[in-house]
Amino acid sequence: MLGADSADVVPTTGGGGVSRETPPPPVVVPAVAADVFGPHLVQAERYAALLGTDGVVRGLIGPREVPRLWERHLLNSAALRHVVPEATHVVDIGSGAGLPGIPLALARPDLRVTLVEPLERRYHFLREAVAALDLADRCHVVRARAEELAGELAAPVVTARAVAALDKLAGWALPLTSTDGAVLAIKGRTAAQEIETAWPTLRRWGVPEEPEVLTCPSGIDGEDLVVVRVLRGTGPLRTSTQAGRGRQPRQAKAAGRGASRTGGRRGRGGGAARG
Ligand SMILES: C[S@@+](CC[C@H](N)C(=O)[O-])C[C@H]1O[C@@H](n2cnc3c(N)ncnc32)[C@H](O)[C@@H]1O
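Residues numbered from 1 in each chain as written. Predicted model: local features only at pLDDT ≥ 70, side-chain atom pairs only at ≥ 80, totals over all residues.

Participant: Could you clarify how one ought to interpret the UniProt feature "binding site: S-adenosyl-L-methionine" (unreviewed entry) in the protein in this entry?
Facilitator: In the numbering used here, UniProt assigns the feature "binding site: S-adenosyl-L-methionine" (unreviewed entry) to G94, L99, A146, E147 and R161. Relative to the helices and strands, L99 is located in the loop between strand 3 (89–93) and helix 4 (101–107). Residue classification places L99 among the buried positions, given that 28 C-beta atoms sit within 10 Å. With respect to the helices and strands, the residue A146 is situated in the loop between strand 5 (139–142) and strand 6 (155–161). The residues touching A146, leaving out its near neighbours within four places in the chain, are I93, V116, W172, A173 and L176. (UniProt positions renumbered as here; feature names shortened; annotations may be inferred. Helix = DSSP H or I, 4+ residues; strand = E, 2+ residues; numbered from the N terminus. Buried ≥ 20, exposed ≤ 12 C-beta atoms within 10 Å, placed from the backbone. Contact = placed C-beta atoms within 7 Å.)

In structure tokens, the structure reads:
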């Protein structure tokens, strides 16, 4: 279906509609989406339609994001697939309308994904989206602030996009990261600066190496994903969130397949669909 005329993009209908009087503009699906989502392309299209209709009506997505849902949100989020190990469990904190967790789950059917979101409206949207996309067997939605889950939930990979500055985010995410796992924080041009600011704190907490900046191809020019990878290490964590909590997380493999390291300060990360 996609790329039938060897064109770069293929217009499809938006699915559903916000209003009968003013039908939504056609959603344009980049041809690369077929490679990224493979057999789950139809679900990805359904998710894009959900974001562009319900997501806008319910205030989770700004209307101006609708024309660039694929480039800035779905494909950008799915680029994380390059740095997540095989068949693992991912906790996505501050998932909002499901970014990056839902596109990642659609692009990587081998993953189990837990979407953590404290706000009621977003939590309900996530539950409905997971059901509508037939993801309920491997995606779970938890309504909580990340810091409330320390000692209760842990996974080899913890992701976050547009949730907090790296030092604050790491304080929430590291206690949810299994021993030897990694936090993957989607950042933009600020990545190197955020590492510089956060590193003294991270080192005090027991993070063994300075975080690295990875660039993950999204398949769209100018929309590659900039990810800060913070390795959890194997030693004890000393964040205030972790202090006094008992559970020892599971063993995990370090992330890394297909992305390139950059030491640079350039690149675009995904901003939130709506703050
Ligand atoms: C700017 S939005 C980003 C949403 C989504 N990740 C995206 O990129 O579109 C930030 C999200 O983080 C959530 N959030 C804020 N503080 C949090 C915390 N302590 N634990 C988990 N989520 C949190 C908010 O409710 C909100 O949904």
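Participant: Which parts of the structure should I look at to understand the pairing of strand 8 (residues 212–216)?
Facilitator: Regular strands place their side chains on alternate faces of the sheet. Most of strand 8 is tucked away: four of the five residues are buried. Summarising the sheet, strand 8 and strand 9 (residues 225–231) pair through five bridges and their orientation is antiparallel. Residue C216 lies in a different strand from strand 9, and its bridge partner there is L225. (Pairing = 2+ DSSP bridges.)

Participant: I keep staring at helix 2 (residues 41–57) and nothing clicks. Help me out?
Facilitator: Along an α-helix, residues three or four apart share an orientation, since each turn contains 3.6 residues. Given a rise of 1.5 Å per residue, 17 residues ought to cover 24 Å, and the 24 Å separating the end C-alpha atoms of helix 2 matches this to within 8%. Approximately 30° is the largest bend angle found in helix 2, and it occurs at L51. Within the span of helix 2, buried status applies to A44, E45, Y47, A48, A49, L50, L51, G52, T53, G55 and V56. A positive phi of about 75° marks G59, the residue just after helix 2. (Expected span 1.5 Å × (residues − 1). Bend = angle between axes of the 7 residues up to and from the residue.)

Participant: When you look at the packing of helix 6 (residues 166–173) against helix 7 (residues 191–205) in this model, what are you seeing that I'm missing?
Facilitator: Relative orientation and spacing of two packed helices are given, respectively, by the angle between their axes and the distance between those axes. Two elements in contact, helix 6 and helix 7, have axes whose closest approach is 8 Å; the angle formed by their N-to-C orientations is 45°. It follows that helix 6 is oblique to helix 7 by the angle criterion. Residues L166, D167 and A170 of helix 6 pack against E194, I195, T197, A198, T201 and L202 of helix 7. Of the residues assigned to the contact of helix 6 with helix 7, the class counts are five nonpolar, two polar and two charged. (Axes fitted to C-alpha atoms, helices over the stretch in contact; angles between N-to-C directions. Parallel < 35°, antiparallel > 145°, perpendicular 65-115°, else oblique. Nonpolar A, V, L, I, M, F, W, Y, C, P; charged D, E, K, R; others polar.)

Participant: Hey, could you run me through the environment of G181 in this one?
Facilitator: Turning to its location among the elements, G181 is positioned in strand 7 (residues 177–187). What makes G181 buried here is the crowd of 31 C-beta atoms within 10 Å. Along the sequence, G181 and V157 sit 24 residues apart, while their C-alpha atoms lie 5.8 Å from each other.

Participant: Explanation requested: the nonpolar core in the structure shown.
Facilitator: Taken as a class, soluble globular proteins show a tendency for nonpolar side chains to be buried jointly. Residues Y47, L80, A173, L176, A185 and V227 are the most contacted members of the largest nonpolar core, which totals 85 residues. No other element matches helix 2, which puts seven residues into this core. Those residues in contact with A185 that lie beyond four places of it in its chain are A160, L166, L169, V227, V228 and V230. (Core = buried A, V, L, I, M, F, W, Y, C linked by C-beta atoms within 7 Å.)

Participant: What is the right way to look at the packing of helix 2 against helix 3 (residues 69–78) in this model?
Facilitator: Direction vectors running N to C along helix 2 and helix 3 enclose 125°, while the axes themselves pass 11 Å from each other. In terms of their interaxial angle, helix 2 and helix 3 are classed as oblique. At the point where helix 2 passes helix 3, the crossing takes the right-handed sense. Contacts from A44, Y47, A48, L51 and G52 in helix 2 reach L69, W70 and L74 in helix 3. (Left-handed = near helix turned anticlockwise from the far one by under 90°.)

Participant: Even after reading the chapter, I still don't get helix 6, so can you show me in this structure?
Facilitator: Taking burial as the measure, the eight residues of helix 6 include six buried ones, the bulk of the element. Here helix 6 has its buried residues at L166, L169, A170, G171, W172 and A173. Contacts made by the buried residues of helix 6 are with strand 3, strand 6, strand 7, helix 7 and strand 9.

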